Amino acid sequence: MPLQKSQLQTGASIFVERYGFQLPAVYSDFAAEYVAATTTLGVHDASYMGRLKATGEDSLDLLNRMSTNKVDHLGVGEGAVTVLTTDRGRIVDVLGVVNQGDHVILLTSPGRQQAVIDWLDKYTIMEDLTIENVTAETTMLALVGPDSGTILGLTTSHGPQDSLTAHSVQLGGVDVLAVEQPLGTLSRYWLITSPDSATGLWQHLTEAGAVPLGATAMDAARVNFGVPEFGPELGEPYNPLEAGLIGSVDFAKGCYIGQEVIAR
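Report on the accompanying structure. Because the structure is a prediction, the values reported are computed rather than measured.

**With respect to the pairing of strand β2 (residues 21-26)**
- Relative to β2, strand β1 (residues 14-18) runs antiparallel, the two being bridged by 5 bridges. By the bridge assignment for β2, Val-16 is matched with Leu-23.
- Linkage of β1 to β2, two consecutive antiparallel strands, is achieved through a turn of 2 residues, within which Tyr-19 is found at a positive phi near 60 degrees.

**Describing helix α2 (residues 30-39)**
- Taken as a whole, α2 has its buried residues at Glu-33, Tyr-34, Ala-36, Ala-37 and Thr-38.
- Contacts from the buried residues of α2 go to β2, β3 (42-45), β9 (139-144), β13 (211-212) and α7 (215-224).
- For α2, the side-chain oxygen to backbone nitrogen distance between the N-cap and Ala-31 is 3.3 Å, and the N-cap itself is Asp-29.

**Topic: the packing of α2 against α7**
- Running from amino to carboxyl end, α2 crosses α7 at an angle of 50 degrees, the nearest separation of the two axes being 9 Å. With respect to their mutual orientation, α2 and α7 come out oblique. Here α2 and α7 pass one another in a crossing that is right-handed. Along its contact with α2, which presents Phe-30, Glu-33 and Tyr-34, the element α7 presents Thr-216, Ala-217, Ala-220, Ala-221 and Asn-224.
- When its residues are assigned to classes, the contact of α2 with α7 shows 5 nonpolar, 2 polar and 1 charged.

Parameters and conventions
Residues numbered from 1 in each chain as written. Predicted model: local features only at pLDDT ≥ 70, side-chain atom pairs only at ≥ 80, totals over all residues. Heavy atoms only, no water. Pairing = 2+ DSSP bridges. Helix = DSSP H or I, 4+ residues; strand = E, 2+ residues; numbered from the N terminus. Buried < 20%, exposed > 50% of the residue type's maximum accessible area, 1.4 Å probe, protein only. Contact = heavy atoms within 4.5 Å. Polar contact = N/O pair within 3.5 Å; in protein donor to acceptor, adjacent residues only side chain to side chain. Axes fitted to C-alpha atoms, helices over the stretch in contact; angles between N-to-C directions. Parallel < 35°, antiparallel > 145°, perpendicular 65-115°, else oblique. Left-handed = near helix turned anticlockwise from the far one by under 90°. Nonpolar A, V, L, I, M, F, W, Y, C, P; charged D, E, K, R; others polar.

Structure representation (structure tokens):
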């Protein structure tokens, strides 16, 4: 991982295997990390999350016809959380969809990139849509906490968890795409950049006061702020409404796979 050397320098000594990545479990002290994430500012290496790039004129239209939320209206820089479901209304994955104008970014659950690509390919017939897995070509950090917007020079929208907003920013000389997606009621930004820029970005954020967050603190924050994760609370055993994803379901939009089951 591009950041492992920096993580060792900032105190990480115990690593856990998650989603094929070696992640720091704790950097210094779990309690201090959790307090930072929930009251000030923390930074977490979230590169294990999946990142896909969709191109083609029919990208948003097909995603709209395939998933639970309305996404075909999204303007440039706007995004939404939507759910791919089977014909039985069961969860294939939860996607963050961000319109970047000439392409659409899809944020997937860890390890679900190929499953999402295969699912969309299965229903792509004549549509102009190409999906590329760019997870290995990018790095993604999670900036978490009430002060996250301030360090980015952005005004946090405090919008719903199913709404995303993208901003192009520069931090420490690094070009970054900052995607705002709250962690429940907690402010959170996904910071996407190139692997070559990851170390510089990490150092800039930690020197500016962001506390490194290990997997243990991030898991605790996710659970305590009521955000489900693929595996324990999301997946084909579950319906989106059972998983508390009603905000990512548009009951007034047109047909999509699994709509009848979910509507009932």
